[in-house]
Amino acid sequence: VQLQASGGGLVQAGGSLRLSCAASGRTFSEYGMGWFRQAPGKEREFVAAISWNGDRTLYGDSVKGRLTISRDNTKKTVYLQMNSLKPEDTAVYYCAGHLRARRTVGIGSEEYGYWGQGTLVTVSS
């Protein structure tokens, strides 16, 4: 399984970005997907997750109401729409694929066995 994240960049506080993560190598539509982030000097943090069929989403407390996860199974891609960005959102964002097919997604990184290379988001104040 390969995951390719893209869409990061430099944005001013209050701005928006949309991250994408394209998957290849397995049946994308049967696996939950997640986004995590890691800021310099900090531990990796759960951001959002979406179930394999898109009917369930989870969000970290710090991003609720501002970030939205979605997926397009026909394109084998998961998205993270990021609105009202804050300087504290600055981090490398990683997409991740769940280890098991058709399982409920959670917030623990140990549930995800496939990771993209990360895309840097920098929010200036």
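Rules and cut-offs
Starting afresh in each chain, residues are numbered from 1 along the sequence in its written order. Whole-chain, interface and lining totals are the exception, using all residues; otherwise, since this is a predicted model, local features are given only for residues with pLDDT of at least 70 and side-chain atom pairs are given and counted only at 80 or more. Side-chain metrics rest on all non-hydrogen atoms present in the structure, leaving aside hydrogens and water. A run of H or I in DSSP becomes a helix once it reaches four residues, and a run of E becomes a strand once it reaches two; helices and strands are each numbered from the N terminus. For the radius of gyration, the atom set is restricted to C-alpha positions; the globular benchmark scales as 2.2 Å times the number of residues to the power 0.38. The cut-offs for exposure are 20% and 50% of the maximum accessible area for each residue type, with area from a 1.4 Å probe on protein chains only; residues under the lower value are buried, those over the upper are exposed, and the others partly exposed. Contact definition: two residues touch when any of their heavy atoms are within 4.5 Å. Surface accessibility follows the Shrake-Rupley procedure with a 1.4 Å probe radius. Residue values consider only the protein chains on display as shielding. Counted as positive: Lys and Arg. Counted as negative: Asp and Glu. His and the chain ends are not counted at all. Charge positions come from single atoms, namely NZ of Lys, CZ of Arg, CG of Asp or CD of Glu. The nonpolar core is taken to be a set of buried Ala, Val, Leu, Ile, Met, Phe, Trp, Tyr and Cys residues, with the residues joined through side-chain atoms within 4.5 Å. Whether two strands pair depends on DSSP finding at least two bridges between them.

**Student:** What is the right way to read the overall build of the protein chain from this model?
**Tutor:** The secondary structure content of the protein chain amounts to zero helices and eleven strands. For the protein chain, whose C-alpha radius of gyration is 13 Å, the value lies close to the compact-globule estimate of 14 Å for 125 residues. For the protein chain, the spread of C-alpha atoms along the three principal axes comes to 40 × 25 × 25 Å. Per-residue burial for the protein chain yields a buried fraction of 43% across its 125 residues. Taking the contacts inside the protein chain whose residues are at least 6 apart along the sequence as the reference set, 58% of them involve residues at least 24 apart. When the accessible surface of the protein chain is totalled, it reaches about 6300 Å², and 45% of it is carbon and sulfur. Within the protein chain, one finds 15 positive and 10 negative side-chain charges whose respective centroids are separated by 5 Å.

**Student:** What is the right way to look at unusual backbone geometry in this model?
**Tutor:** Glycine aside, negative phi is the norm for most residues, and most peptide bonds take the trans geometry. A positive phi angle is found at lysine 76, which is not glycine, with a value near 55°. Checked against the element boundaries, lysine 76 lands in the loop between strand 7 (67-72) and strand 8 (77-82). Looking at lysine 76, the relative accessible area reads 36%, which means it is partly exposed. Positive phi is not limited to glycine here, since arginine 102 has a value of about 55°. Mapping arginine 102 onto the fold places it in the loop between strand 9 (91-101) and strand 10 (112-115).

**Student:** I'm lost on the nonpolar core in this one. Help?
**Tutor:** One broad trend across soluble globular proteins is that nonpolar side chains are buried collectively. In this structure, Trp35, Val47, Val78, Leu80, Met82 and Tyr93 are the most contacted members of the largest nonpolar core, which totals 26 residues. Going through the elements one at a time, strand 1 (2-6), strand 3 (17-24), strand 4 (31-38), strand 5 (45-50), strand 7, strand 8, strand 9 and strand 11 (119-124) are the ones with two or more residues in this core. Top element by residues in this core is strand 3. It accounts for four residues. The contacts of leucine 80, once residues within four sequence positions are left out, are Leu17, Arg18, Leu19, Trp35, Val47, Ala48, Leu67, Thr68, Ile69 and Tyr93. By size, the runner-up hydrophobic cluster in this structure holds seven residues, among which are Leu58, Ala96, Val105 and Tyr112.

**Student:** Is there a simple way to explain the pairing of strand 7 in this structure?
**Tutor:** When a strand is regular, its side chains alternate between the sheet's two faces. What you see with strand 7 is a clean split: Leu67, Ile69 and Arg71 sit on the buried side and Thr68, Ser70 and Asp72 on the side with no burial. Examined bridge by bridge, strand 7 and strand 8 share six bridges and lie antiparallel to one another. Note on strand 8: the bridge partner recorded for aspartate 72 is threonine 77.

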